[in-house]
Amino acid sequence: MAKIIAIANQKGGVGKTTTAVNLSACVAETGKRVLLIDADPQGNSTSGLGVDKNAAMHSTYDIMINEVPVSEAALPTMIDTLRILPSHIGLAGAEIELVGMMAREQVLKRALDTVRGDYDYIFIDCPPSLGLLTLNALNAADTLLVPIQCEFFALEGLSQLMNTVKLVRKNLNPQLDVEGVVLTMYDSRTNLSVQVVEEVKKFFRNKVYETIIPRSVRLGEAPSFGLPITQYAGNSTGAVAYRALANELMDKEGK
């Protein structure tokens, strides 16, 4: 049975999609069967894995609105054990269409229940908002992974995200747990980055991953080539960091 991990932070530009793409790729490169679900209408995870979002036959929208099976819509990638459920801008309309549905927060969960036995891990790249798409992801997930950038406004909005998690636990998904917090865009040359790490560790205590993702030119370049960092620049600091993060995530549960 797959472990389902939602990667979310309603603040944009925190390295959420970078983490979704590269963590999925690194876990898959260890031989684990991985599905990455692009639940963001911007479709950056889709293009980050070299998939043309406009050419894809089906997308996350079709899964949620047209009841297309996940097994039919998931596409192969350059890594044998990694598949992607693509997204495109049409998914933005799903927020409105879901409003009138019965059990609208359960739609993604029901779709994923049919493929849990086919994968070891399912990662969900959530949009930078706390709307119905993110709510669906949190309801379907076992755990939540929160990327936080080492910048001045790092903790801004996190209380809102944690309140949403509490509401989801109370009303929809009592088992939802915080998988951990990943610090991204770390620059060891600045006092600010060091201070943010200290603040986040105070706030989340033992939920913060030891692995910290550095600020990296290569990490920024890789998506434009449609490649995860390990395929684009396998020896770069970004690739080393995401491999370490993947190992830390798997080690936590003895996988």
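Residues numbered from 1 in each chain as written. Predicted model: local features only at pLDDT ≥ 70, side-chain atom pairs only at ≥ 80, totals over all residues. Heavy atoms only, no water.

Enquirer: Kindly report on the overall build of the protein chain, identifying the contributing residues and their values.
Expert: Tallying secondary structure elements over the protein chain gives 12 helices and eight strands in all. For 255 residues, the compact-globule estimate of 2.2 N^0.38 gives 18 Å, and the protein chain sits close to it at 17 Å. Referenced to the eigenvectors of the C-alpha coordinate spread, the extents of the protein chain come out at roughly 50 × 40 × 35 Å. Counting only residues that meet the buried cut, the protein chain has 54% of its 255 residues in that class. The contacts in the protein chain between residues at least 6 apart in sequence include a share of 78% that link residues at least 24 apart. Accessible area of the protein chain: about 11100 Å², with a carbon and sulfur share of 51%. When the 24 positive and 28 negative side-chain charges of the protein chain are each reduced to one mean point, those points stand 6 Å apart. (Helix = DSSP H or I, 4+ residues; strand = E, 2+ residues; numbered from the N terminus. Rg over C-alpha atoms; globule rule 2.2 N^0.38 Å. Buried < 20%, exposed > 50% of the residue type's maximum accessible area, 1.4 Å probe, protein only. Contact = heavy atoms within 4.5 Å. Areas by Shrake-Rupley, 256 points an atom, 1.4 Å probe, with all protein chains shown as cover. Lys, Arg positive; Asp, Glu negative; His and termini not counted. Charge placed at Lys NZ, Arg CZ, Asp CG, Glu CD.)

Enquirer: I'd like a rundown of the sheet that holds strand E7 (residues 177-186), residues and numbers included.
Expert: One open sheet holds the eight strands; their spatial order is E3-E4-E2-E5-E1-E6-E7-E8, and the pairing between them is mixed. Of all strands in the sheet, those bounded by a partner on one side alone are strand E3 (75-76) and strand E8 (208-214). Relative to strand E6 (residues 143-149), strand E1 (residues 3-7) runs parallel, the two being bridged by three bridges. Pairing of Ile7 across the sheet is with Leu145, part of E6. (Pairing = 2+ DSSP bridges.)

Enquirer: Can you lay out the pairing of E7 for me, pointing to particular residues and giving the numbers?
Expert: Summarising burial for E7: seven of the 10 residues are buried, a large majority. The pairing of E6 with E7 spans seven bridges and is parallel. Of the residues in E7, the one forming a bridge with Val146 is Val181. When E7 meets E8, the two strands line up parallel, connected through three bridges. For Val181, the partnering residue across the bridge sits in E8 and is Val208.

Enquirer: An account of helix H1 (residues 16-28) is requested, with residue identities and associated values reported.
Expert: In this model H1 runs 18 Å from its N-terminal to its C-terminal C-alpha over 13 residues, within 8% of the 18 Å that 1.5 Å per residue would give. Along H1, the residues that are buried comprise Lys16, Thr17, Thr19, Ala20, Val21, Asn22, Leu23, Ser24, Ala25, Cys26, Val27 and Ala28. (Expected span 1.5 Å × (residues − 1).)

Enquirer: Residue-level account of the side chain of Thr230, with values.
Expert: Structurally, the position occupied by Thr230 is in helix H11 (residues 229-232). Reaching out from Thr230, the side chain makes a polar contact with the side chain of Glu29 at a distance of 2.8 Å. Excluding residues within four positions of it along the chain, Thr230 makes contact with Cys26, Glu29, Ala239 and Arg243. (Polar contact = N/O pair within 3.5 Å; in protein donor to acceptor, adjacent residues only side chain to side chain.)

Enquirer: Tell me about the packing of H1 against helix H12 (residues 237-252), and please be specific about residues and values.
Expert: The contact between H1 and H12 brings their axes to 9 Å, and the two run at 70°. Taken together, the axis directions place H1 and H12 in an arrangement best described as roughly perpendicular. Seen from above, H1 lies across H12 with right-handed handedness. Of the residues in H12, those touching H1 at Thr18, Thr19, Asn22, Leu23, Cys26 and Val27 are Tyr242, Arg243, Leu245, Ala246, Leu249 and Met250. Tallied by class, the residues present in the contact of H1 with H12 amount to eight nonpolar, three polar and one charged. (Axes fitted to C-alpha atoms, helices over the stretch in contact; angles between N-to-C directions. Parallel < 35°, antiparallel > 145°, perpendicular 65-115°, else oblique. Left-handed = near helix turned anticlockwise from the far one by under 90°. Nonpolar A, V, L, I, M, F, W, Y, C, P; charged D, E, K, R; others polar.)

Enquirer: Which residues make up the side chain of Gln10, and what values do they have?
Expert: Within the secondary structure, Gln10 sits in the loop between E1 and H1. Separated by 3.5 Å, the side chains of Gln10 and Gln160 make a polar contact. Setting aside anything within four residues of it in sequence, one finds Gln10 in contact with Pro128, Ser129, Leu130, Gly157, Gln160 and Leu161.

Enquirer: Provide a residue-level description of a nonpolar patch on the surface, including the pertinent values.
Expert: Residues Phe152, Phe153 and Leu192 make up a contiguous nonpolar surface patch of roughly 320 Å² in combined accessible area. With respect to the secondary-structure elements, Phe153 resides in the loop between E6 and helix H8 (158-171). (Patch = residues over 30% accessible without salt bridge, like charges linked within 9 Å, V, L, I, M, F, W, Y side chains within 5 Å. Salt bridge = Lys/Arg side-chain N within 4 Å of Asp/Glu carboxyl O.)

Enquirer: So what about H8? Which residues, and what values?
Expert: For H8, with 14 residues, the first-to-last C-alpha span of 20 Å sits near the 20 Å given by 1.5 Å per residue. In this fold, the buried residues of H8 make contact with helix H7 (132-140), E6, E7 and helix H9 (191-204).

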